[in-house]
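Residue-level listing of the chains:
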2 protein chains.
Amino acid sequence: MDIKEIFGEKVKLLRKGKELSQEELALKSGLNRPYISGIEQGKRNVSLEVMEKLAEALEIHIKELFEE
Amino acid sequence: MDIKEIFGEKVKLLRKGKELSQEELALKSGLNRPYISGIEQGKRNVSLEVMEKLAEALEIHIKELFEE
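Definitions and cut-offs
Residues numbered from 1 in each chain as written. Chains lettered and ligands numbered in written order. Predicted model: local features only at pLDDT ≥ 70, side-chain atom pairs only at ≥ 80, totals over all residues. Heavy atoms only, no water. Helix = DSSP H or I, 4+ residues; strand = E, 2+ residues; numbered from the N terminus. Axes fitted to C-alpha atoms, helices over the stretch in contact; angles between N-to-C directions. Parallel < 35°, antiparallel > 145°, perpendicular 65-115°, else oblique. Left-handed = near helix turned anticlockwise from the far one by under 90°. Contact = heavy atoms within 4.5 Å. Nonpolar A, V, L, I, M, F, W, Y, C, P; charged D, E, K, R; others polar. Salt bridge = Lys/Arg side-chain N within 4 Å of Asp/Glu carboxyl O. Buried area = accessible area lost by both parts, 1.4 Å probe. UniProt positions renumbered as here; feature names shortened; annotations may be inferred. Core = buried A, V, L, I, M, F, W, Y, C linked by side-chain atoms within 4.5 Å. Buried < 20%, exposed > 50% of the residue type's maximum accessible area, 1.4 Å probe, protein only.

- Going by what an unreviewed UniProt entry lists, chain A is known as DNA-binding transcriptional regulator, XRE-family HTH domain and is assigned to Algoriphagus aquimarinus.

Here it is as structure tokens:
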């Protein structure tokens, strides 16, 4: 798996852990649902600013997006 | 400080901890020196793939780029 795929799997895991749908995470983060879907599929080279939005919506610290 | 500035300060701190110049980090990471300088100045919205290059060059795990 490349870094985008590893990141996508982690986002999906954290989202499910919070019992959020992709649509709910999209609404909370201000991103759109297809973009969330693309991230989770490992297709997006996510930037710092997007990570910050995801972390805020998931109520975690950014570093948790990279923990194993 | 915004997320780009926080990230830039951390990269600078880690680079100095490894006693690398910006030029040396550029060579090790395959990025160019002005880009490294832009990151450290908090001007760059760094992506996953660039973080991976920085982490490899600094010989750390990506999550360490986000530790306080």
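Past the structure itself, the notes keep going.
Some words on unusual backbone geometry
Residue and element names in this part refer to chain B.
Part 1: For Glu-19, which is not a glycine, the phi torsion comes out positive at approximately 55°.
Part 2: As for its placement among the helices and strands, Glu-19 is situated in the loop between helix H1 (3–17) and helix H2 (22–29).
Part 3: Although it is not a glycine, Glu-59 sits at a positive phi angle of roughly 60°.
Part 4: In this structure, Glu-59 sits in the segment after helix H4 (48–58).

Points about the packing of helix H1 (residues 3–17) of chain A against helix H4 (residues 48–58) of chain A
The relative placement of two packed helices is expressed as an angle between their axes plus a distance between the axes.
Residues and elements named next belong to chain A.
Part 1: Here H1 crosses H4 at 20°, and the two axes come no closer than 11 Å. When the axis of H1 is compared with that of H4, the two are roughly parallel. Every pair of crossing elements has a handedness; the one defined by H1 and H4 is left-handed. Here H1 contributes Phe-7, Val-11, Leu-14 and Arg-15 to the contact with H4, which in turn contributes Met-51, Leu-54 and Leu-58.
Part 2: Of the residues contributing to the contact of H1 with H4, the split by class is six nonpolar, no polar and one charged.

A word on the pattern of salt bridges
Part 1: By the definition in use, this model includes eight salt bridges over all chains.
Part 2: Shared partners join several salt bridges into a network, and the residues in it are Asp-2 and Lys-4 of chain A together with Glu-49 of chain B.

Remarks on the interface of chain B and chain A
Part 1: In this complex, chain B contributes 17 residues to the contact, which on the side of chain A involves 17 residues.
Part 2: Summed over both sides, the interface between chain B and chain A buries roughly 1,600 Å², with carbon and sulfur atoms accounting for 64% of that surface.
Part 3: Looking at the side of chain B that touches chain A, the elements that each hand over two or more residues are H1 and H4 of chain B.
Part 4: The element best represented in the side of chain B that touches chain A is H4 of chain B, accounting for four residues.

Topic: the side chain of Ser-47 of chain A
Part 1: Mapped onto the secondary structure, Ser-47 of chain A falls in the loop between helix H3 (33–40) and H4.
Part 2: Leave out the neighbours within four places in its chain, and Ser-47 of chain A touches Asn-45, Val-46 and Ser-47 of chain B.

Considerations on the UniProt feature "domain: HTH cro/C1-type" (unreviewed entry) in chain A
Part 1: Mapped onto the present numbering, the UniProt feature "domain: HTH cro/C1-type" (unreviewed entry) falls at residues 11–65 of chain A.
Part 2: Helix makes up 62% of residues 11–65 of chain A and strand 0%, and the two end C-alpha atoms of the span are 7 Å apart.

As for the nonpolar core
Part 1: Core analysis: the largest hydrophobic core is formed by 46 residues, its most contacted members being Leu-65 of chain A together with Leu-65 of chain B.
Part 2: Where this core is concerned, the elements lending two or more residues are H1, helix H2 (22–29), H3 and H4 of chain A together with H1, H2, helix H3 (33–40) and H4 of chain B.
Part 3: Setting aside chain neighbours within four positions, we find Leu-65 of chain B in contact with Phe-7, Lys-10, Val-11, Leu-14, Met-51, Ala-55, Leu-58 and Ile-60 of chain B.

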